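Read off the chains here:
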Amino acid sequence: MAQRTPQERRLLDMAAQYMPGGTNGNQSFNEDLNFLVREGRGSHVWDVDGNEYIDYPMGLGAVVLGHNYPSVSEAIKKQLDDGISFSLMHPLEVELSELLTDIIPWSDMVRFGKNGSDATTGAVRGARAYT
């Protein structure tokens, strides 16, 4: 681990003051293993001091294409201009639903959720309907 700079020390001290264990994620509660990521490209991340690391967990599995994957980043930027996280359906949801039911042989329909509560509610409703 690189030597901590005053900037990183200040941020880690703030994290310890406002977040249990000084972390707001699945990082180690061992402060010596924590650092603050400023950016990521591909399989690499850089901390607030510019030190480069390989991100072996890749967002705990959620970053399968790597950080800042060009076509994904461009699609996100394009969609930001039109708005995000609508309470009503968007045409992309319909298109993605069709694609998912085409590529997942046992899937007849798709249900999306925007948070853990949506996912849990959907799972409970599905279980109730089945039983």
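A brief look at the structure comes next. (Residues numbered from 1 in each chain as written. Predicted model: local features only at pLDDT ≥ 70, side-chain atom pairs only at ≥ 80, totals over all residues. Heavy atoms only, no water.)

## Observations concerning the overall build of the chain
So, point 1. Scanning the chain from N- to C-terminus turns up 4 helices and 3 strands.
So, point 2. Counting helices and strands in the order they occur from the N terminus, the chain gives α-β-β-β-α-α-α.
So, point 3. When the 131 residues of the chain are sorted by exposure, 17% land in the buried category.
So, point 4. In the chain, once contacts between residues fewer than 6 apart in sequence are set aside, the share between residues at least 24 apart is 33%.
So, point 5. When the accessible area of the chain is evaluated, it comes to approximately 10,400 Å², of which 58% is carbon and sulfur surface.
So, point 6. Both charge centroids of the chain, one from 11 positive and one from 18 negative side chains, sit 5 Å from each other. (Helix = DSSP H or I, 4+ residues; strand = E, 2+ residues; numbered from the N terminus. Buried < 20%, exposed > 50% of the residue type's maximum accessible area, 1.4 Å probe, protein only. Contact = heavy atoms within 4.5 Å. Areas by Shrake-Rupley, 256 points an atom, 1.4 Å probe, with all protein chains shown as cover. Lys, Arg positive; Asp, Glu negative; His and termini not counted. Charge placed at Lys NZ, Arg CZ, Asp CG, Glu CD.)

## Considerations on the side chain of His67
So, point 1. Along the chain, His67 falls in the loop between strand S3 (52-54) and helix H2 (70-82).
So, point 2. Apart from the residues lying within four places of it in its own chain, the contact partners of His67 are Gly40, Arg41, Gly42, His44, Val45, Asp55 and Met58.

## Quick look at the pairing of strand S1 (residues 37-41)
So, point 1. By the bridge criterion, 4 bridges tie S1 to strand S2 (residues 44-47) in an arrangement that is antiparallel. Bridging across to S2, Val37 finds its partner in Asp47.
So, point 2. As consecutive antiparallel partners, S1 and S2 are separated by 2 residues, and within that stretch Gly42 has a phi angle of approximately 65 degrees, a positive value. (Pairing = 2+ DSSP bridges.)

## Brief notes about the pattern of salt bridges
So, point 1. As enumerated under the stated definition, the model contains 4 salt bridges in all.
So, point 2. The salt bridge involving Glu39 is made with Arg38; its shortest N-O contact spans 2.5 Å.
So, point 3. Taking the relative accessible area as the measure of exposure, Arg38 reaches 45% and is therefore partly exposed.
So, point 4. Between Glu39 and Arg41 there is a salt bridge, with its nearest N and O atoms 2.4 Å apart.
So, point 5. Taking relative accessible area as the criterion, Glu39 reaches 27% and is therefore assigned partly exposed.
So, point 6. Beyond isolated ion pairs, a larger network of salt bridges with shared partners links Arg38, Glu39 and Arg41. (Salt bridge = Lys/Arg side-chain N within 4 Å of Asp/Glu carboxyl O.)

## What to know about the packing of aromatic side chains
So, point 1. In this structure the tally under the stated criterion is 0 aromatic pairs.
So, point 2. Positioned above the aromatic ring of Trp46, the side-chain terminus of Arg41 is 4.3 Å from the ring centre. (Phe/Tyr/Trp six-rings, centres within 6.5 Å; stacked < 30°, edge-to-face > 60°. Lys NZ or Arg CZ within 6 Å of the ring centre and 35° of its normal.)

## Quick word on the sheet that holds S2
So, point 1. Read across the sheet, 3 strands follow the order S1-S2-S3 without closing on themselves; strand pairing throughout is antiparallel. In the strand order of this sheet, the two ends are held by S1 and S3, each with one partner. Each adjacent strand pair in this sheet contributes to an overall mean axis angle of 30 degrees, direction not counted. (Axes fitted to C-alpha atoms, helices over the stretch in contact; angles between N-to-C directions.)

## Quick look at H2
So, point 1. Here H2 is 13 residues long and its end C-alpha atoms lie 19 Å apart, about the 18 Å a rise of 1.5 Å per residue gives.
So, point 2. Positive phi appears at Gly83, one or two residues downstream of H2, with a value of about 110 degrees. (Expected span 1.5 Å × (residues − 1).)

## Here we look at a nonpolar patch on the surface
So, point 1. Where nonpolar side chains cluster on the molecular surface, the patch consists of Val64, Leu65, Tyr69, Val72, Ile76, Leu80 and Ile84 and spans about 680 Å² of accessible area.
So, point 2. Tracing the sequence through the fold places Leu80 in helix H2.
So, point 3. Taking relative accessible area as the criterion, Leu80 reaches 49% and is therefore assigned partly exposed. (Patch = residues over 30% accessible without salt bridge, like charges linked within 9 Å, V, L, I, M, F, W, Y side chains within 5 Å.)

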